[in-house]
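Below are the chains, spelled out letter by letter.
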Amino acid sequence: MAQSNLIQKWQQAAPQFKSILRIVAALMFMMSGTTKLFAFPGGMPKGMSLEIWSQAGIGAILEVVGGALLVIGLGTRPIAFILAGEMAVAFFQFHATTSYWPTVNGGVSAVLYCFIWLYFSSAGAGPWSVDAMRSKNTSKV
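So, how was this worked out
- Residues numbered from 1 in each chain as written.
- Predicted model: local features only at pLDDT ≥ 70, side-chain atom pairs only at ≥ 80, totals over all residues.
- Heavy atoms only, no water.
- Salt bridge = Lys/Arg side-chain N within 4 Å of Asp/Glu carboxyl O.
- Helix = DSSP H or I, 4+ residues; strand = E, 2+ residues; numbered from the N terminus.
- Buried < 20%, exposed > 50% of the residue type's maximum accessible area, 1.4 Å probe, protein only.
- Phe/Tyr/Trp six-rings, centres within 6.5 Å; stacked < 30°, edge-to-face > 60°.
- 1 Å grid on protein atoms, 1.4 Å probe; cavity = no way out; pocket = protein on both sides within 12 Å on 5 of 7 lines; lining within 4 Å.
- Points joined across faces, edges and corners; volume = space filled by probe spheres on them.
- Nonpolar A, V, L, I, M, F, W, Y, C, P; charged D, E, K, R; others polar.
- Axes fitted to C-alpha atoms, helices over the stretch in contact; angles between N-to-C directions.
- Parallel < 35°, antiparallel > 145°, perpendicular 65-115°, else oblique.
- Left-handed = near helix turned anticlockwise from the far one by under 90°.
- Contact = heavy atoms within 4.5 Å.
- Expected span 1.5 Å × (residues − 1).
- Arc of directions from axis to C-beta.

Undergrad: Report on the pattern of salt bridges, specifying residues and quantitative values.
TA: For the structure shown, the criterion picks out one salt bridge. In this structure, K36 and E63 form a salt bridge, with 3.0 Å as the shortest nitrogen-oxygen distance. One end of the pair, K36, is in helix 2 (residues 14-38); the other, E63, is in helix 3 (residues 55-72), with 27 residues separating them in the sequence. On the basis of relative accessible area, K36 is assigned to the partly exposed category, the value being 26%.

Undergrad: How would you sum up the packing of aromatic side chains? Please name residues and give values.
TA: For the structure shown, the criterion picks out nine aromatic pairs. Between F29 and Y113 the ring centres are 4.9 Å apart and the planes differ by 65°, which places this aromatic pair in the edge-to-face class. Here Y113 lies in helix 6 (residues 108-123) and F29 lies in helix 2, a separation of 84 residues in the sequence. By relative accessible area, F29 is classed as buried at 1%. A centroid spacing of 5.1 Å and a plane angle of 70° characterise the contact between Y119 and F120, whose relative ring orientation is edge-to-face.

Undergrad: Requested: an account of the layout of surface pockets, with residues and values cited.
TA: Approximately 680 Å³ is the volume attributed to the largest pocket. The wall of the largest pocket is formed by 28 residues, among which K36, E63, A90, F94 and H95 lie closest to the centre. Listed by contribution, the elements that provide at least two residues to the lining of the largest pocket are helix 2, helix 3, helix 4 (76-95) and helix 6. When residues of the lining of the largest pocket are assigned to their parent elements, the largest contribution, seven residues, is made by helix 3. Residues belonging to the lining of the largest pocket are distributed by class as follows: 16 nonpolar, nine polar and three charged.

Undergrad: Account for the packing of helix 3 against helix 4, naming residues and giving values.
TA: At a minimum axis distance of 10 Å, the contact between helix 3 and helix 4 shows a crossing angle of 150°. Between helix 3 and helix 4, the angle falls in the class roughly antiparallel. Two packed elements cross with a definite hand, and for helix 3 against helix 4 that hand is left-handed. Every residue of helix 4 that contacts helix 3 at Q55, G59, L62, E63, G66, G67, L69 and L70 is listed here: T76, I79, A80, L83, E86, M87, V89, Q93 and F94. Taken together, the residues that form the contact of helix 3 with helix 4 break down as nine nonpolar, six polar and two charged.

Undergrad: Let's hear about helix 4: which residues, and what values?
TA: The end-to-end C-alpha separation of helix 4 is 26 Å, in line with the 28 Å expected for 20 residues at 1.5 Å each. For helix 4, every residue scored as buried is listed here: T76, A80, L83, A84, E86, M87, A90 and F91. End-on, the buried residues of helix 4 take up no more than an arc of 165°, which puts them together on one face. Opposite the buried face of helix 4, by more than 90 degrees, sit the exposed residues P78, F81 and F92.

Take a look at the structure:
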């Protein structure tokens, strides 16, 4: 009886874990962008620099701005859909040119982010988000 109660409580925490996954994934995603744009928390590999209005530069801007919006859970569905597309393009344009296999071409994170953001574009942000707060406020009106 106690074990099934524990399992039930764990399963009831799924919405909060959805929010935690969104927040942690978005923070990691933002770091990819800040590394490219600001060399923070580490510099670009091999001393490379980034042209801000290049395709990679625009991708880095999307990673920072889109990641920040996903951290707070604002506009989650459309932002996540756009970022899923960005990651699909990143994989096929930059990684898959050397090998189709993500473990060989360095594209594992691009594939994972693509599907994580695709999930959030469908599932929404979870209860710990600006989207959820706005939804509660509009239903009270």
